Structure formats: C-alpha cells, structure tokens
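Understanding the architecture of this molecule
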Amino acid sequence: MRLIDSHGRTINYLRLAVTDRCNMRCFYCMPKEGIVKTVHKAILSYEELLLVAQTAVELGIEKIRVTGGEPLVRAGIVGFLERLSEIPGLRHLVLTTNGMLLTEMASDLYRAGVQRLNVSLDSLEPETFAEITRGGDLKRVLAGLDAAEKAGFPPPKINVVVMRGVNDDEIPALAELSMTRGNTVRFIEYMPAVRDHRWQRYCLPGSEILERIRAHHTLEPLDRVALAGPSRDYRIPGARGNIGIITAVSGHFCSDCNRIRVTSTGKAMGCLFSDERTDLIPSLRPLDRVRLARDLKELVSGKPERHGISQEGYSHQNFTMSHIGG
Ligand code: SAM
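The rules we used
Residues numbered from 1 in each chain as written. Predicted model: local features only at pLDDT ≥ 70, side-chain atom pairs only at ≥ 80, totals over all residues. Heavy atoms only, no water. Phe/Tyr/Trp six-rings, centres within 6.5 Å; stacked < 30°, edge-to-face > 60°. Helix = DSSP H or I, 4+ residues; strand = E, 2+ residues; numbered from the N terminus. Buried < 20%, exposed > 50% of the residue type's maximum accessible area, 1.4 Å probe, protein only. Lys NZ or Arg CZ within 6 Å of the ring centre and 35° of its normal. Near = heavy atom within 4 Å. Polar contact = N/O pair within 3.5 Å; in protein donor to acceptor, adjacent residues only side chain to side chain. Areas by Shrake-Rupley, 256 points an atom, 1.4 Å probe, with all protein chains shown as cover. Nonpolar A, V, L, I, M, F, W, Y, C, P; charged D, E, K, R; others polar.

**Describing the packing of aromatic side chains**
Considering all chains together, one arrives at five aromatic pairs under this definition. Between the aromatic rings of tyrosine 110 and phenylalanine 153, the centroid separation amounts to 5.1 Å while the plane-to-plane angle is 80 degrees, which identifies the pairing as edge-to-face. Remark: phenylalanine 153 occurs in the loop between helix H5 (138-151) and strand S5 (157-162) and tyrosine 110 occurs in helix H3 (residues 102-111); sequence separation between them is 43 residues. Taking relative accessible area as the criterion, tyrosine 110 reaches 39% and is therefore assigned partly exposed. Put simply, the rings of Phe27, Tyr28, Tyr190 and Tyr202 touch in pairs and so form one group of aromatic residues. The ring of tyrosine 13 is capped by lysine 63, whose NZ or CZ atom sits 4.5 Å from the centre of that ring. Positioned over the ring face of tyrosine 46 is arginine 74, at 4.1 Å from the centre of the ring.

This is how it looks when you write it as structure tokens:
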C-alpha cells in the first residue's frame, strides 16, 4: 500500500510526538513563560499512539520518528518503543532527543529496537549551550552521545539550529564533529516557532552556512538517499559522518516532502507551518479504525503543496515546536 498525496508525493514518514513536556527550555522552541501544560487526559495514551502508528503503517508509512517535547521524559517510553518496533511493515524506527537522559537510557532504547538517534546540539561552548537551552548541561549531552555508541547505535545524527549572533561562529567547529566523532551533523535554518516578531534576525540561509564551512573545508555533495527527508548532504573528504543542510525557510524542499505529523494530543498535520489540523480524537475515543484510516488518508490528500514561510505576507503563527515535535 502507498500513500500518495494530490501533488504526486509519496508519503511514507510519520513524526509522532509522544509528549509536549521537556526537560529543557530552548529559547527558539518554547516560550520562557506562560507554557500551558496539557492536561493528562488530553495526551494520547500509548495504546492510542500505537493504533495511530499501526494504521499509518498499514496505509504506507515506512518510517516513524518519535519526538516531543522530550520523548525520553514520558514514563514507559521504552516499552512503547518496543511495541512500535514490532509493527509489521515498519522499516525505520528512529528517535529525536535532546540527549540529557541518554546516558541512563541508551542501552534500553537500543534493546527496544530503536535504530537511530538524532540529538539536538546547538553549541559546543558550555555557556552558550546553557543559554540556548535555558539550563541544559553540555557535558551530559556529550556523555549521552558516547553512551549511545557504547550501547550499539551508530554515531547519532546531530541537529544544529543555526542562529545568527548566537551560535553561527561555531558552524565550522560543529561541522568538524563529522570528522572527529563520525556524527552526521545537520544544520537547520532557524524557523519561526515561538512568538517573536523579529524572528528573521536569527535566520542564516543554508547557502551562507555552506559558505562558512567551505571557508575551512572542502565539501563534496552527496546523492540523495530514499527516506532522507529534506536534508541536502555533503561530506568533508575523509570524514565518517556527513554534513546536512536543512533549508526549511529559504529552500524549496516542499516538492520532496514525504512526511506527516501527529502531536501528542492527536492533532494530525500535513505541514509544519499550516494551521490545518485533523483531530484524531473522535476516531480514537471510542475507537473507529475505519474512520482513523480515513482521517489519515484525507490528511495526506489535503497536504498543501508548499509552506508559505518565505512568501510575502506570511503571518507569524503562535505555535510552539515542542507541541508538534519539529
Ligand atoms: N526534545 C527533542 C530534541 O531536543 O531534539 C525533540 C523535540 S524538538 C522540538 C525537535 C527538533 O525541532 C529539534 O531538532 C529542534 O532543534 C528543532 N526545532 C525546534 N524549534 C526550532 C526552530 N525554531 N527552528 C528550527 N528547528 C527547531
């Protein structure tokens, strides 16, 4: 079975947020104050998340990324991941984390069947890191990266949100992790995800990120691989890891978009920057699997052709990435 949207794109990737809670407060992701905690009963139970995942895989989803909030703070996450990994037809189970709990949890995650980890790491300077994350501990995240490899994972992919005047001076040092530690390092353009009308001051386009790396290293472009998503990939000759550039704002990767998202409260989204959401709760409570499948199919067929962030007149929305999962 394949899920094809009305623009001819094959949709085979689901990003599933299991919580909106987080043990960090990255300034570009969550507002400093006024975070309204979602009441427990509004959050999908693991049974419900599993039903969404199973239905999506039956329809054609091949890759699931578990995200959040911080997925590792939700109690019982390891058992849930184990059940996800057993879904017949699911080819890739991956997880995005801030790495704070990896030292304790990496072995369990590996045993549960998670195949790959993405770790968010925006700075190698302890103070800058603590400022961006509003209190995160760089040492702990670096220890978590080591623990992941010790547990058997390939070197985690590192996600860096690049922000002018905040961490852009570290672009070459972060890129060098692909040589020194063998991580694939993906540089993500800053996106408008919290209420901040001056968000564009942080934006550094992918082309400039590439220039900054090229000032220090040769970069060989790599061919795109299936299920790779929106990243354009390069390699510093001799490095074990790749360099990826994700131009969510300046680029046009919408034509290759293969993903849908489901939030921890059961809102399904065809585009990160669209206000259109399908509420899956009426199909889950009480359960109606036929309706659930229909919801997901309709979501895919109504997936917008492209987002409008870089278009004139784009009105800044007030959503927090921690609800959606990035
Ligand atoms: N807690 C996990 C983590 O830290 O990776 C998963 C959730 S986090 C919302 C998922 C991804 O969204 C992270 O890689 C994060 O850097 C990215 N993200 C959040 N806000 C962003 C923004 N304003 N612009 C670009 N990426 C953003």
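Still more to cover.
**Looking at the site of the ligand**
Neighbouring the ligand are 20 residues, the closest being Tyr28, Gly69, Thr96, Ser120 and Met191. A distance of 3.0 Å separates a nitrogen atom of the ligand from a polar side-chain atom of glutamate 70. Take serine 120: an N or O atom from its side chain is 2.6 Å from an oxygen atom of the ligand. When the ligand is considered free in solution it has 550 Å² of accessible area, and contact with the protein chains removes 95% of it. Across the shell around the ligand, the residue classes tally to eight nonpolar, ten polar and two charged.

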